[in-house]
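The residues making up each chain are set out below.
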Amino acid sequence: MRDKPQRPEGTFFLQDVYAAWPPLPKDSVKRLRIVQVLPKSTPHINSPRLGIPNASPGKQVLGTVPVEADGSAHFRVPAYTPIAVQPLDEDGRAVQLMRSWFTAMPGEVLSCVGCHERQNEGPPSKYTLAAMRRASET
């Protein structure tokens, strides 16, 4: 009997959701909503219009993953898929929105410092973050 082929995926690591601009209140983010940004293949980006924002692509929710007490998160994403992330409060409401997206190749590990962190700063590496001590979420 043949094994089912594995879905190609990558892994993403967020160091600290609170390394954000504008600043997020500490302990306010409980989960991340993982969103697929859908391609828009119409001749004009704003036709048909999707929602209120001008030239906004469609999105679909793939799931949510936990954020550790230290603000870190570690999760898997489908490969070849434009992904955006939304930090959620304890009631599941988005407290910030990622307007850009990232894509992982099969087996690739991606990371970021925070949500809208300063572009010219690197991550501090003084300690091991809680999310790195466990397997990534699906």
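See above for the structure.
Along each chain, numbering runs from 1 in the same order as the chain's sequence is written. Selection of residues for local features in this predicted model requires a pLDDT of at least 70, selection of side-chain atom pairs for listing and counting requires 80 or more, and totals for whole chains, interfaces and linings are taken over all residues. For the side-chain quantities, the full set of heavy atoms in the structure was used; hydrogens and water were omitted.

Undergrad: Got a minute to help me understand the layout of surface pockets in this structure?
TA: A water-sized probe, rolled over the atoms, reveals where empty space remains. Of the volumes computed, that of the largest pocket is approximately 300 Å³. Cavity and pocket criteria rest on a 1 Å grid covering protein atoms alone: a 1.4 Å probe that fits but cannot get out defines a cavity, protein on both sides within 12 Å along at least 5 of 7 lines defines an open pocket, and an atom within 4 Å of a point defines a lining residue. Lining the largest pocket are 18 residues, and of these Met98, Cys112, Gly114, Cys115 and His116 lie nearest its centre. Per the convention used, a helix needs a DSSP run of H or I reaching at least four residues, while a strand needs a run of E reaching at least two, with both numbered from the N terminus. Those elements that provide at least two residues to the lining of the largest pocket are strand E1 (9-14), strand E5 (83-88) and strand E6 (109-112). Grid points are joined across faces, edges and corners, and a volume is the space filled by probe spheres set on the points.

Undergrad: How should I be thinking about unusual backbone geometry in this particular structure?
TA: Negative phi values dominate among residues other than glycine, just as trans dominates among peptide bonds. In this model, Trp21 is joined to Pro22 through a cis peptide bond whose omega is -5°. Backbone geometry at Asp27 places phi at a positive 70°, although glycine is not the residue there. Despite not being glycine, Tyr80 shows a phi value in the positive range, around 60°. Structurally, Tyr80 can be placed in the loop between strand E4 (73-78) and E5. You can call Tyr80 exposed: its relative accessible area is 53%. Any residue under 20% of the maximum accessible area for its type is buried, any over 50% is exposed, and the rest in between are partly exposed; the area is computed with a 1.4 Å probe on protein chains only.

Undergrad: I would appreciate a short explanation of the nonpolar core in the present structure.
TA: Here is a general trend for soluble globular proteins: nonpolar side chains tend to be buried in one another's company. For the purposes of this section, nonpolar cores are sets of buried Ala, Val, Leu, Ile, Met, Phe, Trp, Tyr and Cys residues that join through side-chain atoms within 4.5 Å. Within the largest apolar cluster, 20 residues are counted, with the highest numbers of intra-cluster contacts made by Val17, Leu32, Ile34, Phe75, Val77 and Phe102. For this core, the elements supplying multiple residues, two or more each, are E1, strand E2 (31-37), E4 and E5. The dominant element in this core, judged by the number of residues it contributes, is E4, at 3 residues. We call two residues in contact when some of their heavy atoms are within 4.5 Å. Contact partners of Leu32, with chain neighbours within four places excluded, come to Leu14, Val17, Gly63, Thr64, Val65, Val67, Ala73, Phe75, Val85, Gln86, Pro87 and Leu88.

Undergrad: It is not clear to me how the packing of aromatic side chains should be interpreted in this structure. Could you clarify?
TA: Between two aromatic rings, the relevant description is the distance of the centres plus the angle of the planes. Paired rings are identified among Phe, Tyr and Trp, the last through its six-membered ring, by centres lying within 6.5 Å, and are further divided according to the angle between planes into stacked (under 30 degrees), edge-to-face (over 60) and tilted (the rest). Here the structure, examined in full by the defined rule, presents 2 aromatic pairs. Aromatic side chains Phe12 and Phe75 sit 5.4 Å apart centroid to centroid with 40° between the ring planes, which places their arrangement in the tilted category. Taken together, the residues Phe12 in strand E1 and Phe75 in strand E4 connect sequence positions 63 residues apart. Looking at Phe12, the relative accessible area reads 7%, which means it is buried. Residue classification places Phe75 among the buried residues on the basis of a relative accessible area of 0%. Pairing Phe12 with Phe102 gives two aromatic rings, centres 4.3 Å apart and planes at 15°, and the pair type is stacked. Separated by 90 residues along the polypeptide, Phe12 in strand E1 and Phe102 in the loop between E5 and E6 bring together distant segments of the chain. The exposure classification of Phe12 matches that of Phe102, with both residues buried. Aromatic ring contacts, followed pair by pair, group Phe12, Phe75 and Phe102 into a single cluster.

Undergrad: Got a minute to help me understand the pattern of salt bridges in this structure?
TA: Any two side chains of opposite charge can pair, on the condition that their charged atoms come close. The working definition used for a salt bridge is a side-chain nitrogen of Lys or Arg within 4 Å of a carboxyl oxygen of Asp or Glu. Following the criterion strictly, the structure yields 4 salt bridges and no others. With a shortest N-O distance of 2.8 Å, Glu9 and Arg76 are connected by a salt bridge. Taken together, the residues Glu9 in strand E1 and Arg76 in strand E4 connect sequence positions 67 residues apart. Take Glu9: its relative accessible area is 24%, and that puts it in the partly exposed class. The exposure class assigned to Arg76 is partly exposed, which follows from its relative accessible area of 25%. What emerges from the salt-bridge pattern is a single network uniting Arg7, Glu9 and Arg76.

Undergrad: In this structure, what is going on with the pairing of E1? I would like to understand it.
TA: Judged by how many residues are buried, E1 sits mostly within the fold: 5 of 6 residues are covered. The pairing of E1 with E4 spans 6 bridges and is antiparallel. When the sheet's bridge partners are listed, Leu14 is paired in E4 with Ala73. For two strands to pair, DSSP has to find at least two bridges joining them. With 4 bridges connecting them, E1 and E6 associate as parallel partners. When the sheet's bridge partners are listed, Phe12 is paired in E6 with Leu110.

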